[in-house]
Amino acid sequence: MEQRARDVLALLLSAPAASVAILASLAFPGGAGSVAWLGGKVWQIGLPAAWHLKVDERERSWSKPELGGFGVAAALGVGMSVAMLGGWFLIGSQYLDRELIRSTMEPYGLLNPLVYLAAFLWWVLFNSVMEEYLFRWFIFSKFESLVGGKLAVPLAGLAFMSHHTLAMLVLFPWWANLLASLGIFTGGCVWSWTYLRYRSVWPAYLSHAIVDVTLFGVGAYILFG
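The model shown is predicted, which means the values in this text are computed figures rather than measured ones.

Caption draft 1: Region of interest: the overall build of the protein. A tally of helices and strands in the protein yields nine helices and zero strands. Listing the helices and strands of the protein from first to last along the sequence gives α-α-α-α-α-α-α-α-α. The C-alpha atoms of the protein give 18 Å as radius of gyration, which agrees with the globular expectation for 225 residues (17 Å, within 12%). For the protein, the C-alpha atoms occupy an extent of roughly 50 × 40 × 30 Å along the three principal directions. Looking at the protein as a whole, 43% of its 225 residues qualify as buried. A separation threshold of at least 6 residues defines the contact pool for the protein, and within that pool the share at least 24 residues apart is 81%. Of the roughly 11,800 Å² of accessible surface on the protein, 73% is carried by carbon and sulfur atoms.

Structure (structure tokens):
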């Protein structure tokens, strides 16, 4: 199989996986949903690694940040966090139904502060890393191989956005989902550019983690404030 066909197949097998898993977990709260979510995470981790080593026949890598970029990434993360906070206090706090959000989160135990704290730690310390690994290192790299770095930035951003847009269908009305999706697309493009510029997932992860901390702060305000 030629390289371009392999890259397309890799994208088809990887890009929808996280979305399918999270939709299943939302549609079937409890045991079945948890199994689907866990299976999606295993696929999200295992497929890119296996593809990199066995199909592309490349060496293992920890994505060393040899070009730096942490200062720029942190500044970008803070900037996006400020925009997120502004959007919440100007629009979200006035028009979103906090009780509806609370009732949606209740089946997952997220109204329990300890469960919420565990989810926060999971998302910031592990999930953000896995998303950078999947969407920036693997998916962005495959798009870059197909169309070049400049076009790969928005394409990987769209893949990242679509995953989150589907997950937010159960949380927000269409207009809020649209606004949030535009913000997520922007974040996906920023982090794809960061990977393109610095050739490591770790600066992008730092920026991503800063945004996730802000997101969970807003979430705590909605659920417990």
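Back to the text.
Caption draft 2: Here's a closer look at the packing of aromatic side chains. Tallied over the full model, the rule gives 15 aromatic pairs. Relative to tyrosine 198, the ring of tryptophan 193 has its centre 6.2 Å away and its plane inclined at 85°; by these criteria the two rings are edge-to-face. Tryptophan 193 sits in the partly exposed class, given a relative accessible area of 38%. With relative accessibility at 8%, the residue tyrosine 198 sits in the buried group. For the pair tryptophan 202 and tyrosine 205, a centre-to-centre distance of 6.0 Å together with 90° between the ring planes defines the contact as edge-to-face. Of this pair, tryptophan 202 and tyrosine 205 are both found in helix α9 (residues 201-224), three residues apart, which corresponds to roughly one turn of the helix. Residue tryptophan 202 is classed as partly exposed on the basis of its relative accessible area, which comes to 29%. Above the plane of the ring of phenylalanine 160 lies arginine 136, whose end atom (NZ or CZ) is 4.4 Å from the centre.

Caption draft 3: Just the packing of helix α4 (residues 70-95) against helix α8 (residues 174-198), in detail. Where α4 meets α8, the closest approach of the two axes is 12 Å, and the angle between their N-to-C directions is 180°. It follows from the interaxial angle that α4 and α8 lie roughly antiparallel. Where α4 approaches α8, its residues Val72, Ala73, Leu76, Met80, Ile91 and Tyr95 are matched on the opposing element by Trp175, Leu179, Gly187, Val190, Trp191, Trp193, Thr194 and Tyr198. When the residues that make up the contact of α4 with α8 are grouped by side-chain class, the tally is twelve nonpolar, two polar and no charged.

Caption draft 4: The environment of isoleucine 45, seen in detail. Summarising the element assignment, isoleucine 45 is placed in helix α3 (residues 31-55). You can call isoleucine 45 partly exposed: its relative accessible area is 39%. Remark: the alpha-carbon pair of isoleucine 45 and leucine 100, spanning 55 residues in sequence, is separated by 33 Å. Not counting chain neighbours up to four residues away, the residues in contact with isoleucine 45 comprise Met130 and Tyr133.

What counts as what
Residues numbered from 1 in each chain as written. Predicted model: local features only at pLDDT ≥ 70, side-chain atom pairs only at ≥ 80, totals over all residues. Heavy atoms only, no water. Helix = DSSP H or I, 4+ residues; strand = E, 2+ residues; numbered from the N terminus. Rg over C-alpha atoms; globule rule 2.2 N^0.38 Å. Buried < 20%, exposed > 50% of the residue type's maximum accessible area, 1.4 Å probe, protein only. Contact = heavy atoms within 4.5 Å. Areas by Shrake-Rupley, 256 points an atom, 1.4 Å probe, with all protein chains shown as cover. Phe/Tyr/Trp six-rings, centres within 6.5 Å; stacked < 30°, edge-to-face > 60°. Lys NZ or Arg CZ within 6 Å of the ring centre and 35° of its normal. Axes fitted to C-alpha atoms, helices over the stretch in contact; angles between N-to-C directions. Parallel < 35°, antiparallel > 145°, perpendicular 65-115°, else oblique. Nonpolar A, V, L, I, M, F, W, Y, C, P; charged D, E, K, R; others polar.

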